[in-house]
Amino acid sequence: MRVSVAARLCALASILAITSACAGQAASAALSESAERGRELFAGAGACRSCHSLEQDERIIGPSLYGVASRAAERESDLSAEQYLHEAITEPNKYIVAGFDGGLMPQTYATKLSNVQIDDLVAYLLTLK
Ligand code: HEC
């Protein structure tokens, strides 16, 4: 019995669809639940994305956050990466990134976001290595 070309293509397409669906799951499973919520907040309600690119060296209003997890610990000598990122969100004017002006990043996240939301954002930023 001959199997039509269309049927073979269909079978192939469904195999590809399954593998790409699995690849997507593996990628999101790599993020903790907290980091996953932070990722959504970053692009969505937090509106961080409107000022911060995730592409290397792409400047919008703020600096690109590509690789920010790898620089965060060196920003202020007495702060760990996690502490610095927390401060960068809640008190943005405490440390101004070289080449940028202070006062542009909203100063209101400490009150507008819940502690859990801020922790989620920090967990997400810590994945940007
Ligand atoms: C209106 C634009 C704007 C928005 C919205 C904004 N930022 Fe910023 N952000 C900036 C600017 C400008 C800087 C650099 C000046 C400074 O250090 O304050 C900055 C700096 C930072 C830094 C420090 C980066 C480094 O390399 O040390 C982090 C982290 C950061 N922002 C995270 C966030 C997060 C998370 C949000 C969303 C909750 C956000 N920003 C929303 C403009 C913005």
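Refer to the structure above for everything that follows.
Now for a look at the structure at hand. Remember, it's a predicted structure, so these values are computed and weren't measured experimentally.

### Concerning the overall build of the protein
Then step 1. Looking only at helices and strands, one finds 6 helices and 0 strands in the protein.
Then step 2. Looking at the protein as a whole, 30% of its 129 residues qualify as buried.
Then step 3. Counting contacts in the protein only where the partners sit at least 6 residues apart, residues at least 24 apart contribute 46% of the total.
Then step 4. Surface summary for the protein: the accessible area is close to 8,400 Å², and the carbon and sulfur share equals 58%.

### Focus: the site of the ligand
Then step 1. Neighbouring the ligand are 27 residues, the closest being Cys48, Cys51, His52, Tyr84 and Met105.
Then step 2. Within the backbone of Pro92, a nitrogen or oxygen atom sits 3.4 Å from an oxygen atom of the ligand.
Then step 3. Within the residue set of the shell around the ligand, elements represented by two or more residues are α3 (68–75) and α4 (81–90).
Then step 4. By residue number, the principal contributor to the shell around the ligand is α4, which donates 4 residues.

### Notes on the pattern of salt bridges
Then step 1. For the coordinates displayed, the defined rule picks out 3 salt bridges.
Then step 2. Residue Arg37 pairs with Asp120 through a salt bridge whose shortest N-O separation is 2.8 Å. One end of the pair, Arg37, is in helix α2 (residues 33–43); the other, Asp120, is in helix α6 (residues 115–125), and 83 residues separate them in sequence.
Then step 3. By relative accessible area, Arg37 is classed as partly exposed at 40%.
Then step 4. Overall, Asp120 belongs to the buried group, its relative accessible area being 5%.
Then step 5. In this structure, Glu91 engages Lys94 in a salt bridge whose closest nitrogen and oxygen atoms are separated by 3.6 Å.
Then step 6. Judged by relative accessible area, which is 39%, Glu91 ranks as partly exposed.

### Some remarks on the nonpolar core
Then step 1. By size, the foremost hydrophobic cluster in this structure holds 21 residues, and its most contacted members are Phe42, Leu85, Leu121 and Leu125.
Then step 2. Those elements that place two or more of their residues in this core are α2, α3, α4 and α6.
Then step 3. In terms of residues, this core owes the most to one element, α6, which gives 5 residues.
Then step 4. Not counting residues up to four positions away in its chain, the partners in contact with Leu85 are Val68, Ala72, Val122, Leu125 and Leu126.

Reading the values: the criteria
Residues numbered from 1 in each chain as written. Predicted model: local features only at pLDDT ≥ 70, side-chain atom pairs only at ≥ 80, totals over all residues. Heavy atoms only, no water. Helix = DSSP H or I, 4+ residues; strand = E, 2+ residues; numbered from the N terminus. Buried < 20%, exposed > 50% of the residue type's maximum accessible area, 1.4 Å probe, protein only. Contact = heavy atoms within 4.5 Å. Areas by Shrake-Rupley, 256 points an atom, 1.4 Å probe, with all protein chains shown as cover. Near = heavy atom within 4 Å. Polar contact = N/O pair within 3.5 Å; in protein donor to acceptor, adjacent residues only side chain to side chain. Salt bridge = Lys/Arg side-chain N within 4 Å of Asp/Glu carboxyl O. Core = buried A, V, L, I, M, F, W, Y, C linked by side-chain atoms within 4.5 Å.

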